[in-house]
Amino acid sequence: MKDLTWIERDRYSQRANTGHQVSAAKGARGWVYSAWGRNRAPGVHYHEVPDALGAREHYRRGEHVPQRFECLGHFATAAEARAACAADAASIAERDETEASR
């Protein structure tokens, strides 16, 4: 897969051409850069997302709750967060190719 093209959305976030995002937040220990997967429910209004992702009303403590954007991790640099997004985009492309060849 070719390199992702990043567009600065605002001072604290960037979006790639694949829909992946990197956001920055400053905490007590400095900046933290979070990597986010692409939108898993595009075109769905925010209040319809739980139904679109197969969510339930209640979850047990520690049980995974489906989210519109999957958190790929938190990193010390923006470059590391962008690399995590690129790796996720590559795995999605590989999975799509495998399914298409079946």
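Before any of the text, the structure's been laid out above.
Residues numbered from 1 in each chain as written. Predicted model: local features only at pLDDT ≥ 70, side-chain atom pairs only at ≥ 80, totals over all residues. Heavy atoms only, no water.

## Some details on the overall build of the protein chain
Link 1 in the chain: The number of helices and strands found in the protein chain is two helices and five strands.
Link 2 in the chain: Counting only C-alpha atoms and orienting by the principal axes, one finds that the protein chain spans roughly 40 × 35 × 25 Å.
Link 3 in the chain: Looking at the protein chain as a whole, 24% of its 102 residues are labelled buried.
Link 4 in the chain: Of the contacts made within the protein chain by residues no fewer than 6 positions apart, 47% connect residues no fewer than 24 positions apart.
Link 5 in the chain: For the protein chain, the accessible area works out to roughly 7,600 Å², and carbon and sulfur atoms hold 49% of it.
Link 6 in the chain: Each charge class in the protein chain can be summarised by its mean position, and for the 15 positive and 14 negative side chains these summaries are 6 Å apart. (Helix = DSSP H or I, 4+ residues; strand = E, 2+ residues; numbered from the N terminus. Buried < 20%, exposed > 50% of the residue type's maximum accessible area, 1.4 Å probe, protein only. Contact = heavy atoms within 4.5 Å. Areas by Shrake-Rupley, 256 points an atom, 1.4 Å probe, with all protein chains shown as cover. Lys, Arg positive; Asp, Glu negative; His and termini not counted. Charge placed at Lys NZ, Arg CZ, Asp CG, Glu CD.)

## Quick notes on the pairing of strand E1 (residues 6–10)
Link 1 in the chain: By the bridge criterion, four bridges tie E1 to strand E2 (residues 13–16) in an arrangement that is antiparallel. When the sheet's bridge partners are listed, Glu-8 is paired in E2 with Gln-14.
Link 2 in the chain: Linking two consecutive strands that pair antiparallel, namely E1 and E2, is a turn of two residues. (Pairing = 2+ DSSP bridges.)

## Remarks on the nonpolar core
Link 1 in the chain: Core analysis: the biggest nonpolar cluster contains ten residues, these being Leu-4, Ala-16, Val-22, Tyr-33, Ala-35, Ala-78, Ala-81, Ala-84, Cys-85 and Ala-89.
Link 2 in the chain: No other element matches helix H2 (residues 78–100), which puts five residues into this core.
Link 3 in the chain: Residues within four places of Tyr-33 in sequence aside, it is in contact with Val-22, Ser-23, Ala-24, Gly-73, His-74, Phe-75, Ala-76, Thr-77, Ala-78 and Ala-81. (Core = buried A, V, L, I, M, F, W, Y, C linked by side-chain atoms within 4.5 Å.)

So far we have only geometry, and geometry alone does not tell us how the molecule works.
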